[in-house]
Amino acid sequence: MSLSNRLGLLGRKVGMMRLFTDEGDAIPVTVVDVSNNRVTQVKTDDNDGYVALQLTFGSRKASRVTKPQAGHLAKAASEAGEITKEFRVTAEDAAKYAAGAAVPPQSVFAVGQKVDVQGTSIGKGFAGTIKRHNFRSQRASHGNSRSHNVPGSISMAQDPGRVFPGKKMTGHMGDESVTTQNLDVIRIDEVRQLLMIKGAIPGSKGGFVSIRPAVKQVEKASKGAN
């Protein structure tokens, strides 16, 4: 099985709280709302050249949906969502679902399972190299008067005479796609369809996230089978 063939869920980060074990230990968890995940399209090898499930999450006003999107959703008899994403799955998993079907969290995840959570990190604005790339500052005295927190030389002279792409410099920090791996599912609230995941996940409160079974655990299991 390919490491990418893993069905996941879409959700919204609600916030953080604590859960207590029977021994009294506190476990910090992030609460993720994964309610009303629904299938908007089942892609197959014959029609699309690959197998995938397209899921949507949230609710969007009909006036905010384009006509092509409205026609696509009408085929699945599904309400428009705020976020839509495809998950590559096996043909066997795809056969379990039909367009318009709901995907409850307990059918995808289990307590104690490892998951990867992808989201958009909190934007920090324009930042220097010390904050953005963990550079150290230059000396405070001994002839240094105006170059305390600057990165220093960024390129060479005549050859090649340019700054290489990817050079660590000042710029926009945060607000980028980040994946946190190998987090534990501590509890599943089946009634309210909430996932409680140990630790912090990317993004601010109210941000959208994508949750999948941990790729490293799938890789470890496949190596053990071989």
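### Looking at the sheet that holds strand 6 (residues 114–120)
Strand order in the closed barrel formed by six strands is 1-2-10-9-6-11, with antiparallel pairing between adjacent strands. Shown here is a sheet whose adjacent strand axes are inclined to one another by a mean of 50°, direction ignored.

### Let's talk about the packing of aromatic side chains
Here the structure, examined in full by the defined rule, presents one aromatic pair. Relative to Phe208, the ring of Phe57 lies with its centre 6.3 Å away and its plane at 80°, an arrangement referred to as edge-to-face. With Phe57 in strand 4 (residues 52–57) and Phe208 in strand 11 (residues 208–213), this pair connects stretches of sequence that are 151 residues apart. When its relative accessible area of 31% is taken as the criterion, Phe208 is described as partly exposed.

### Points about the pairing of strand 10 (residues 194–198)
Counting buried residues along strand 10, four of its five residues qualify, which places the element largely inside the surrounding structure. Strand direction decides the pairing type here: strand 9 (residues 177–189) and strand 10, joined by four bridges, are antiparallel. Note that in strand 10 the partner of Arg187 across the bridge is Met196. What sits between strand 9 and strand 10 in their antiparallel hairpin is a turn of four residues, with Gln193 showing a positive phi close to 55°.

### Section: unusual backbone geometry
Residue Pro160 is reached from Asp159 by a cis peptide bond, and omega for that bond is 5°. Along the chain, the position of Pro160 falls in the loop between helix 4 (129–133) and strand 8 (171–173). At Asn134, a residue that is not glycine, the phi angle is positive and equals roughly 60°. When you line up the elements, Asn134 lands in the loop between helix 4 and strand 8. Take Asn134: its relative accessible area is 69%, and that puts it in the exposed class. Here the phi dihedral of Asn182 falls at roughly 60°; this positive angle occurs in a residue that is not glycine. On the secondary structure map, Asn182 appears in strand 9.

### Points about the nonpolar core
Formed by 27 residues in total, the largest nonpolar core has its most connected members in Leu195 and Ile211. In contact with Leu195, not counting residues within four places along its chain, are Thr30, Val31, Val32, Val34, Pro105, Phe109, Val185, Arg187, Ile188 and Ile211. Counting residues in hydrophobic clusters, the runner-up holds six residues, among them Leu19, Ile27, Val31 and Met196.

### Let's talk about the side chain of Arg38
With respect to the helices and strands, Arg38 occurs in strand 3 (residues 38–43). In this structure, Arg38 is buried with no salt-bridge partner, the nearest side chain bearing the opposite charge being Glu79 at 4.3 Å.

Cut-offs and rules
- Residues numbered from 1 in each chain as written.
- Predicted model: local features only at pLDDT ≥ 70, side-chain atom pairs only at ≥ 80, totals over all residues.
- Heavy atoms only, no water.
- Pairing = 2+ DSSP bridges.
- Helix = DSSP H or I, 4+ residues; strand = E, 2+ residues; numbered from the N terminus.
- Axes fitted to C-alpha atoms, helices over the stretch in contact; angles between N-to-C directions.
- Phe/Tyr/Trp six-rings, centres within 6.5 Å; stacked < 30°, edge-to-face > 60°.
- Buried < 20%, exposed > 50% of the residue type's maximum accessible area, 1.4 Å probe, protein only.
- Core = buried A, V, L, I, M, F, W, Y, C linked by side-chain atoms within 4.5 Å.
- Contact = heavy atoms within 4.5 Å.
- Lys, Arg positive; Asp, Glu negative; His and termini not counted.
- Salt bridge = Lys/Arg side-chain N within 4 Å of Asp/Glu carboxyl O.

Function-wise, these values are silent; they only describe arrangement.
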